[in-house]
Amino acid sequence: CCTGGIAARTVAVQGLRCFSVDGAESEEDTHEIMFYAMRHPAVITLREMYSFGLGGNHSTRTLLLAAQFLHEELPVRLARRARELKKLPFGLGDTASIKGVRKLYERSFFRIRRFPKPNTPELEEKFTEMLEDIKNEHNSVQANIARGLQELSEVRVDIYSQPGALVHDGMPFDFSTFLDRFYLSRVGVRVLIGQHIMLHHPQDGFVGIIQTNCQPAMVCQHAIEDAARVCDMQFGASPEVLLEGATSTILPYIPEHLHYIFFELIKNSMRATVERYRDSSEELPPISVVFAEGEEDIAIKISDKGGGIPRSGVHRLWTYTFTTAGSTAEKLAEVGQEGRGGTPVMAGFAHGLPLSRIYARAFGGDLHVMSMQGHGTDVYIHINKMGNREVSVP
């Protein structure tokens, strides 16, 4: 049954009580979130997830064990983020968009907490359906965080931004570090949920969302096609991209993460290249992607001749507020239009590069940028080989 003043709607589904809640509505609800937020997330590695899914062969017992683990684990991770959002300084947590994100996390927390322990196949199936719904509800979190920053800048003229921080009365708040932590946790939650959902829908060559023989060069080729399509729509042209080196390298990995990284980086390189040469009689110089396999990781270098950026601006690339492609507010408006059939956003959202680094770092990799103003930019991606080092799901 419900505790405290939680606003809940109870629906009978074959004897199962399902709850739809609006977040923390009472002091008791707030205390419950605080209690779970003080707990530490369990340590689980990508390798363990892979071995568990592979060895379980999608059996009923495997699915029940996974569901029961998530039933205990996800509230801890959601509560920690909800409490952190509520404690944001300078009124950032009170902006409509950030408050909406916090309520979303609280609502997801209570939906899982109020769900019975999934100890039967029927309950496990309903629990998985709920997790899929929660995952879909959280798709808009990134855009809403960016909107929250925009809303704050519009209503609080006494707060200004400096690289990586918000400042009020001379007191800085390291917002980029907060967002690094927030998004790293978000990646972990979505990996855990996505892995469990996909164990219900086995695909050849996959263990959940982990592809057994993931070929980074092939994922990169798909990202190139997607980026070229967006670039062509925006500018009417796109540069060629050449793949070189150890393109046949394979490893167990999550291809969705690699696609995000490749798409964001190649999209940036394409835009920089087209903007530099669109008034020139010269042909667009190609973008180079070089793959190399080492003992510990796979390294990828993406090189363009788009003119680069000033050395003083390189550290600002990771601040979630820096973009070389116009107003974030304008791009957020374009995001809404895109959802209604408008042109996809080419650049300017300011989260693409730091989020790419988050995806790379989530499982032991990394991402670095080296730029030569007047020539171009090199981006180095390192992908940790899953079998070589134990890296916890964030």
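Residues numbered from 1 in each chain as written. Predicted model: local features only at pLDDT ≥ 70, side-chain atom pairs only at ≥ 80, totals over all residues. Heavy atoms only, no water.

Asker: Is there a simple way to think about the overall build of the protein in this case?
Answerer: Each helix and strand counted, the protein has eleven helices and 13 strands in total. Within the protein, residue pairs in contact and separated by at least 24 positions form 74% of the contacts whose partners lie at least 6 positions apart. Summed over all atoms, the accessible surface of the protein reaches about 18,300 Å², with 50% contributed by carbon and sulfur. (Helix = DSSP H or I, 4+ residues; strand = E, 2+ residues; numbered from the N terminus. Contact = heavy atoms within 4.5 Å. Areas by Shrake-Rupley, 256 points an atom, 1.4 Å probe, with all protein chains shown as cover.)

Asker: Explanation requested: the pattern of salt bridges in the structure shown.
Answerer: As a working rule, side chains carrying opposite charge can pair if their charged atoms are close by. Across all of its chains, the model carries 15 salt bridges by this definition. For Arg114, the salt bridge identified is with Glu32, shortest N-O distance 2.8 Å. Here Glu32 lies in helix H1 (residues 27–37) and Arg114 lies in the loop between helix H4 (96–113) and helix H5 (121–137), a separation of 82 residues in the sequence. Summarising the burial analysis for this pair, Arg114 and Glu32 share the class buried. Across the salt bridge formed by Arg81 and Glu84, the nearest N and O atoms sit 2.9 Å from each other. With Arg81 and Glu84 both in helix H3 (residues 60–86), this residue pair falls three residues apart, about one helical turn. Classification of Arg81 by relative accessible area gives buried; the value is 9%. Taking the relative accessible area as the measure of exposure, Glu84 reaches 16% and is therefore buried. Linked by salt bridges that have partners in common, Glu32, Arg113 and Arg114 make up one network. (Salt bridge = Lys/Arg side-chain N within 4 Å of Asp/Glu carboxyl O. Buried < 20%, exposed > 50% of the residue type's maximum accessible area, 1.4 Å probe, protein only.)

Asker: Would you mind going over the sheet that holds strand E7 (residues 210–214) with me for this structure?
Answerer: Either a parallel or an antiparallel arrangement is found when strands of a sheet pair, and the pairing is made through backbone hydrogen bonds. Spatially, the three strands line up as an open sheet ordered E6-E7-E9, and their pairing is antiparallel. The open sheet has two edge strands, strand E6 (206–207) and strand E9 (251–253), and neither has a second partner. Together, E6, E7 and E9 form the strand contacts of helix H9 (residues 255–277), whose direction differs from that of E7 by roughly 75 degrees. (Pairing = 2+ DSSP bridges. Axes fitted to C-alpha atoms, helices over the stretch in contact; angles between N-to-C directions.)

Asker: For this particular structure, what's the right way to read the sheet that holds strand E10 (residues 287–293)?
Answerer: Pairing is mixed across the open sheet formed by five strands, whose spatial order is E8-E10-E11-E13-E12. Edge positions in the open sheet fall to strand E8 (241–245) and strand E12 (366–372), since each of these has one partner strand only. The sheet shows a mean angle of 15 degrees between the axes of neighbouring strands, taken without regard to direction. Contacts from helix H8 (residues 216–235) reach E8, E10 and strand E11 (297–304) within the one sheet, and its direction differs from that of E8 by about 175 degrees. Its contacts with the sheet place helix H11 (residues 352–361) against E12 and strand E13 (376–384), and it is angled at close to 140 degrees to E12.

Asker: Mind showing me how you'd approach the packing of H9 against H11 here?
Answerer: When two helices pack together, their arrangement is given by the angle between their axes and by how far apart the axes lie. In contact at an axis separation of 9 Å, H9 and H11 are set at 150 degrees when each is read in the N-to-C sense. The angle between H9 and H11 falls in the class roughly antiparallel. Note that H9 runs across H11; the crossing there is left-handed. Contact with H9, carried on its side by His257, Tyr260, Ile261, Glu264 and Leu265, involves Gly352, Leu353, Leu355, Ser356, Tyr359 and Ala360 of H11 and no other residues of that element. Classifying every residue of the contact of H9 with H11 gives seven nonpolar, three polar and one charged. (Parallel < 35°, antiparallel > 145°, perpendicular 65-115°, else oblique. Left-handed = near helix turned anticlockwise from the far one by under 90°. Nonpolar A, V, L, I, M, F, W, Y, C, P; charged D, E, K, R; others polar.)

Asker: Explain H11 here, please?
Answerer: Since there are 3.6 residues in each turn of an α-helix, residues three or four apart along the chain are aligned in direction. Among the ten residues that make up H11, nine are buried, leaving the element largely enclosed by the rest of the structure. The complete set of buried residues in H11 reads Gly352, Leu353, Pro354, Leu355, Ser356, Arg357, Ile358, Tyr359 and Ala360.

Asker: Would you take a moment to explain the packing of aromatic side chains for this structure?
Answerer: Pairs of aromatic rings are described using the distance from one ring centre to the other and the angle between the two planes. Counted according to the given criterion, the structure contains eleven aromatic pairs. Between Tyr36 and Phe109, the aromatic rings sit 5.5 Å apart at their centres with planes inclined by 75 degrees, giving edge-to-face as the arrangement. With Tyr36 in helix H1 and Phe109 in helix H4, this residue pair connects regions lying 73 residues apart in the sequence. In this structure, Tyr36 and Phe109 share a single accessibility class: buried. Among the aromatic residues, those joined into a cluster by ring pairs are Tyr105, Phe175, Phe178, Phe182, Tyr183 and Tyr320. For Arg357, the ring lying beneath its charged end belongs to Trp318, and the centroid distance is 4.2 Å. (Phe/Tyr/Trp six-rings, centres within 6.5 Å; stacked < 30°, edge-to-face > 60°. Lys NZ or Arg CZ within 6 Å of the ring centre and 35° of its normal.)

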